[in-house]
Amino acid sequence: VDVAAHPHVEQHSAHDHIHPEPTGFIAKYVFSLDHKVIAIQYFITGLLFMLIAGSFAELMRIQLMDPKGTFMGYHTFNQMFTMHGTVMVWLVLIPLVTGSLGNLVMPLQIGARDVAFPWLNMLSFWLIPVAGLILFSSFFVGAPAAGWTEYPPVSVMQGVGGELWCLAIIVVGVSSTLTGLNFLATIFKMRAPGMTWTRMPLFTWATFATALINLFATVALSGALLALYLQQAFDVPFFDPARGGSPILFQHMFWFYSHPAVYIFILPAFGVISEVLPTFARKTIFGYKMIAFSSLSIAILGFAVWAHHMFPSGIAPWLQIPFMIITYLIGIPTGIKIFSWMATLWGGRIQFTTPMMYALAFIGTFSFGGITGVFLACVPADLHEHGSYFVVGHFHYVVAGGAVTAFFAGFNYWFPKATGRMLSEKLGQAGFWLFMLGLTGTFLPMHWLGLEGMPRRYASYEVFAKAYPDAVFWNRFESVSSFLMVASVLVLAINIIVSMRSGRRAGNNPWGARTLEWMISSPAPYYNFRKIPIVLDRPYDFNEPLPYRNLDDETDPYPVPTEAGGMHRQPVPAGRA
Amino acid sequence: MAVSTPAASSALLEHALVEARYHNVDPVYAETRDIRLTGFVLFLLADCILFMSFIFAYLYLRTSAPTWPPVVNGHQIERLDVAFGAMNSIVLFGSGVTMHYALESWKHLQRTAFNAWLGATIVLGIGFLLGQAHEYSSAPMTWTGSTFGASFFTLTGLHGFHVFVGVIYLVILMIQANRGVYTGSKYFGLVAGTLYWHFVDVIWVALFFLFYLW
């Protein structure tokens, strides 16, 4: 039915059957089925893990202030960078970017009452703290120290700690897979009437592309880690050359997931930017379809580039060239996005709010990280840069400068929707400048240190400092700068506490945005929408009236919750209906 | 139209009855079923990737090995017994056929036939697992001795685990069906069970080819 042509179409569907809101503390806040509460749970968990992983990083930076590296033992240093990378990638970025923002925003943007499988959503969240406990328990038996990539043979030589690492990441993998499954089913089946694929908000498009990667790549990682676990625990020789196995096989299996995994963080980031820019430029997004389809093509191409992490590992030259070329190809959809964003800003009426500041900064920092990625994808250049601080600089520009910056943009943008309060703009701007200065000061010098040949993952760089005396100054500069980022996160935490207590009331739509989540009260009511809205057009045309029918009317009563219906889409028990 | 025989008219009546059941599905249930079917198919796709990652490992190890089956302690490992594997495969594929008829009987409201077909499926599933147990005990290699053993036991073990879970799943479905959990028009659980069982069959086609025929 073309709903646009028949706005009178009455819906009668599962959308209209809703359960009453739970009242007990446990059901409401702990084992909640509500996607908005789960989003906040993901946020708090991710932020706590970020503080832990960040403190590992700071301990490493303290070690590196002295080229001799006397602050901690070398093995401890190895454990620190291993745990820093592992926790940041799997327990901070995935919960924050896909878990928190995806859960909060996507169901609201498509006009659904919840995700397709709320119970599974709850399970996905609770697997994250479980994985954290498994991972941190390894500190009692000797934490893993083989780097976040855990390449064999080193990783199979480190005892129980390595096994716990595998189990923890398999648990995170199951959680991500279930989230991907849940989000895909939600986007496939639960869009509001009239919301065709090309009317979906761009953050939802990005979440869709991410969910595809989550579902298909994460299982492959679980496979790789299961094989690694079997070798560690039962001595199964997948990666043991003495019995015909191959350590390079692990690298193939690992990167088949872990390269797409980078897009798991960065695609939602692209989605955030595509929402924030038009709102604060007061202008239609430029190239809607190109942005949407470039997300998909990045997701698809991302499955065919993994071996660019392995150029020096000894893969055949005829294999290196296609991987180099396909990696370059990813520059095309990414470039389409960057230029579409800039064209969106062109001629707009820009408001420099905190989310907009982060979004604008993202375009710069992410482009920079993307361009150094082109260097690394180039086989001859990579042979020089591989394993140096150039890689660390590149990766952190993409992840901290890209995913985390965009997460902060999204966080500042949607905080009023999640809590009903505005964040303090002054504290927000202060946090922004601290973060950006810290980011640049910490990660920019890594590029030239790496080009000069400073190897990554070394607990002491005494030898390198003899060849390149400036290294001591730059490392101290990086260490001092890195504390600015810590300060920025603390400012953020203060901002949250202050604003939750005394922030300005947000109202439905504090930013004058046009996507569906801003059409309902803040925080969103338990059922999200009193009536499921009908969507007539894309949300981004600021010159047109809002493209929705059937929007909430504050004077309407809520529909009466029915016991037999299923807001949570549990099947109707047999014999009852 | 020709005059209908009593048998044909009873078939027509039954058909009309089934049609009525199909088309008078509660819209809430229909939508829920649709969402659950999507989720279940996505789950099977994801599960498929898990097998594919181990199959990739097997292909990589096999194609990079100097000889296959590999040589351990100076002796080349024997190939697997194709005849026994083929027999066991027939047992599993047969269970796919019986599962199909179980679901069809349910759709046609034939409870007795449904129970018989589903029971046959469960028996064949257990038969396959027993065959696998025999295969494991008489295998010419060990799990940890070579990449052949590592791939074979891990992949078929993963598959066997899926069959084992499937058998339990089918037993639960049988109990639920006989307790009246499913009705003529509301039987998504049975559809999911059938899909899962066919999925396990299809994976075995790949594994049988890779380990026995190749």
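Residues numbered from 1 in each chain as written. Chains lettered and ligands numbered in written order. Predicted model: local features only at pLDDT ≥ 70, side-chain atom pairs only at ≥ 80, totals over all residues. Heavy atoms only, no water.

Enquirer: Can you break down the overall build of chain A residue by residue, with the values?
Expert: The number of helices and strands found in chain A is 15 helices and two strands. Against the globule reference of 25 Å for 577 residues, chain A gives a C-alpha radius of gyration of 24 Å, in line with a compact fold. Its C-alpha atoms put chain A at 75 × 60 × 50 Å along the principal axes. Within chain A, the fraction of its 577 residues that count as buried is 63%. Within chain A, one finds 31 positive and 29 negative side-chain charges whose respective centroids are separated by 6 Å. (Helix = DSSP H or I, 4+ residues; strand = E, 2+ residues; numbered from the N terminus. Rg over C-alpha atoms; globule rule 2.2 N^0.38 Å. Buried < 20%, exposed > 50% of the residue type's maximum accessible area, 1.4 Å probe, protein only. Lys, Arg positive; Asp, Glu negative; His and termini not counted. Charge placed at Lys NZ, Arg CZ, Asp CG, Glu CD.)

Enquirer: Any details on the overall build of chain B? Residues and values, ideally.
Expert: In terms of regular secondary structure, chain B is built from six helices and two strands. Here chain B holds 214 residues, and the buried ones make up 45% of them. For chain B, restricting intrachain contacts to residue pairs at least 6 apart in sequence, the fraction spanning at least 24 positions comes to 78%. For chain B, the accessible surface area stands at approximately 10,200 Å², while carbon and sulfur atoms represent 70% of it. (Contact = heavy atoms within 4.5 Å. Areas by Shrake-Rupley, 256 points an atom, 1.4 Å probe, with all protein chains shown as cover.)

Enquirer: Lay out unusual backbone geometry with the relevant residues and their values.
Expert: That bond from Ser522 of chain A to Pro523 of chain A is cis: its omega, -10°, falls within 30 degrees of zero. For Pro523 of chain A, the location among the structural elements is in the loop between helix H15 (470-502) and strand S1 (534-535). Note that the residue after Trp68 of chain B, namely Pro69 of chain B, is joined by a cis bond; omega there is -5°. By the element assignment, Pro69 of chain B lies in the loop between helix H2 (27-64) and strand S1 (71-72). Phi at Asn550 of chain A takes a positive value of approximately 70°, unusual for a residue other than glycine.

Enquirer: Tell me about the pattern of salt bridges, and name the residues and values.
Expert: Residues and elements named next belong to chain A. The tally for this structure, following the rule as stated, stands at six salt bridges over all chains. The salt bridge involving Asp34 is made with Lys36; its shortest N-O contact spans 3.1 Å. This pair shows no difference in class: Asp34 is buried, exactly as Lys36 is. We note a salt bridge from Arg243 to Asp235, for which the minimum N-O separation is 2.9 Å. Linked by salt bridges that have partners in common, Asp235, Asp240 and Arg243 make up one network. (Salt bridge = Lys/Arg side-chain N within 4 Å of Asp/Glu carboxyl O.)

Enquirer: Describe the nonpolar core, and please don't skip the residues or the numbers.
Expert: Within the largest apolar cluster, 241 residues are counted, with the highest numbers of intra-cluster contacts made by Trp90, Phe238, Ile266, Trp341, Phe362 and Trp414 of chain A together with Phe211 of chain B. The biggest single contributor to this core is helix H7 (residues 247-281) of chain A, with 22 residues. Those residues in contact with Trp341 of chain A, other than ones at most four positions away along the chain, are Phe270, Ile273, Ser274, Leu277, Ile285, Ile291, Phe362 and Ile363 of chain A. (Core = buried A, V, L, I, M, F, W, Y, C linked by side-chain atoms within 4.5 Å.)

Enquirer: So what's going on with helix H8 (residues 288-301) of chain A? Residues and values would help.
Expert: All names here are of chain A. Its 14 residues give H8 an end-to-end C-alpha distance of 20 Å, which sits within 8% of 20 Å, the value for a rise of 1.5 Å per residue. Every buried residue belonging to H8 is among Tyr288, Ile291, Ala292, Ser294, Ser295, Leu296, Ile298 and Ala299, and all of these are buried. Contacts made by the buried residues of H8 are with helix H6 (202-234), H7 and helix H9 (317-345). (Expected span 1.5 Å × (residues − 1).)

Enquirer: Talk me through the environment of Thr440 of chain A; I want residue IDs and the actual numbers.
Expert: All names here are of chain A. Along the polypeptide, Thr440 turns up in helix H13 (residues 425-452). Owing to a relative accessible area of 33%, Thr440 belongs among the partly exposed residues under this scheme. Sequence separation between Thr440 and Trp318 is 122 residues, and the spatial gap between their C-alpha atoms is 37 Å. Those residues in contact with Thr440, other than ones at most four positions away along the chain, are Tyr397 and Pro445. Among the polar contacts made by the side chain of Thr440, one reaches the main-chain carbonyl oxygen of Met436 at a distance of 2.8 Å. (Polar contact = N/O pair within 3.5 Å; in protein donor to acceptor, adjacent residues only side chain to side chain.)

Enquirer: Give me helix H12 (residues 389-419) of chain A: which residues, what numbers.
Expert: An α-helix turns once every 3.6 residues. As a result, residues three or four positions apart point the same way. All names here are of chain A. Residue Tyr413 marks the point of greatest curvature in H12, where the axis turns by about 40°; the proline Pro416 follows within four residues. In terms of residue burial, H12 counts as a mostly covered element, since 28 of its 31 residues are buried. One side-chain oxygen of the residue at the start of H12 lies 3.0 Å from the amide nitrogen of Phe390, identifying that residue as Ser388. With its phi angle positive at about 85°, Gly420 sits one or two positions after the end of H12. (Bend = angle between axes of the 7 residues up to and from the residue.)

Enquirer: I'd like to hear about a nonpolar patch on the surface, residue by residue, with values.
Expert: Residues and elements named next belong to chain A. Taken together, the side chains of Ile40, Ile44, Leu48, Leu51, Ile62, Phe71, Phe483, Val486 and Leu490 present a nonpolar region at the surface, about 760 Å² in accessible area. Broken down by secondary-structure element, the contributors of at least two residues to the nonpolar patch are helix H2 (35-63) and H15. It is H2 that provides the largest number of residues to the nonpolar patch, a total of five residues. Relative to the helices and strands, Leu48 is located in helix H2. (Patch = residues over 30% accessible without salt bridge, like charges linked within 9 Å, V, L, I, M, F, W, Y side chains within 5 Å.)

Enquirer: So what's going on with the interface of chain A and chain B? Which residues, and what values?
Expert: If you look at the interface, chain A gives 42 residues, while chain B gives 35 residues. For the pairing of chain A and chain B, the buried interface totals around 3,200 Å² over both sides, and the portion due to carbon and sulfur atoms is 78%. Summed over the three residues of chain A that lose the most area to chain B, namely Lys189, Phe216 and Phe238 of chain A, the buried surface amounts to 16% of that side. In this assembly, chain A and chain B are joined by one salt bridge. Measuring nitrogen to oxygen at the nearest pair gives 3.2 Å for the salt bridge that ties Lys189 of chain A to Asp34 of chain B. (Buried area = accessible area lost by both parts, 1.4 Å probe.)

Enquirer: So, the packing of aromatic side chains: which residues are in play, and what are the values?
Expert: All names here are of chain A. According to the stated counting rule, one finds 78 aromatic pairs over all chains in the structure shown. Measuring from ring centre to ring centre gives 5.3 Å for Phe239 and Phe250, while their planes differ by 80°; the resulting arrangement is edge-to-face. A residue pair is termed long-range when its members are at least 10 positions apart, and Phe239 in the loop between H6 and H7 and Phe250 in helix H7 qualify at eleven residues. Neither Phe239 nor Phe250 differs from the other in exposure class; each is buried. (Phe/Tyr/Trp six-rings, centres within 6.5 Å; stacked < 30°, edge-to-face > 60°.)

Enquirer: So what's going on with the environment of Ser155 of chain A? Which residues, and what values?
Expert: Counting through the fold element by element, Ser155 of chain A comes out in the loop between helix H4 (118-137) and helix H5 (160-189). Accessibility expressed as a relative area gives 1% for Ser155 of chain A, which makes it buried.

Enquirer: How would you sum up the confidence of the model for chain A? Please name residues and give values.
Expert: Mean pLDDT over chain A: 89, with 92% of residues reaching 70 or higher. With pLDDT under 50 throughout, residues 556-577 of chain A is counted as low confidence; its partners more than four residues away or in other chains account for 55 contacts. (pLDDT = per-residue confidence, 0-100.)

Enquirer: Describe in detail the side chain of Lys337 of chain A, supporting the description with residues and values.
Expert: Residue and element names in this part refer to chain A. Structurally, Lys337 can be placed in helix H9. No salt bridge is formed by the buried Lys337; the nearest opposite charge belongs to Glu275, separated by 11 Å. Excluding anything up to four places from it in sequence, Lys337 contacts Phe270, Ile291, Ser294, Ser295 and Ile298.

Enquirer: Before we move on, can you summarise the packing of H6 of chain A against H7 of chain A with the specific residues and values?
Expert: All names here are of chain A. Contact pair H6 / H7: the axes reach a minimum separation of 8 Å and the direction vectors enclose 160°. One element, H6, and the other, H7, form an angle in the roughly antiparallel class. Pair H6 / H7 crosses with left-handed handedness. (Axes fitted to C-alpha atoms, helices over the stretch in contact; angles between N-to-C directions. Parallel < 35°, antiparallel > 145°, perpendicular 65-115°, else oblique. Left-handed = near helix turned anticlockwise from the far one by under 90°.)

Enquirer: Just give me the short version of the side chain of Thr365 of chain A, but keep the residues and values in it.
Expert: Residues and elements named next belong to chain A. Relative to the helices and strands, Thr365 resides in helix H10 (residues 354-377). Take Thr365: its relative accessible area is 9%, and that puts it in the buried class. In this structure the side chain of Thr365 is engaged in a polar contact, spanning 2.7 Å, whose partner is the backbone oxygen of Gly401. Here Thr365 is in contact with Tyr397, Gly401, Thr405, Met436 and Leu439, once residues within four sequence places are set aside.

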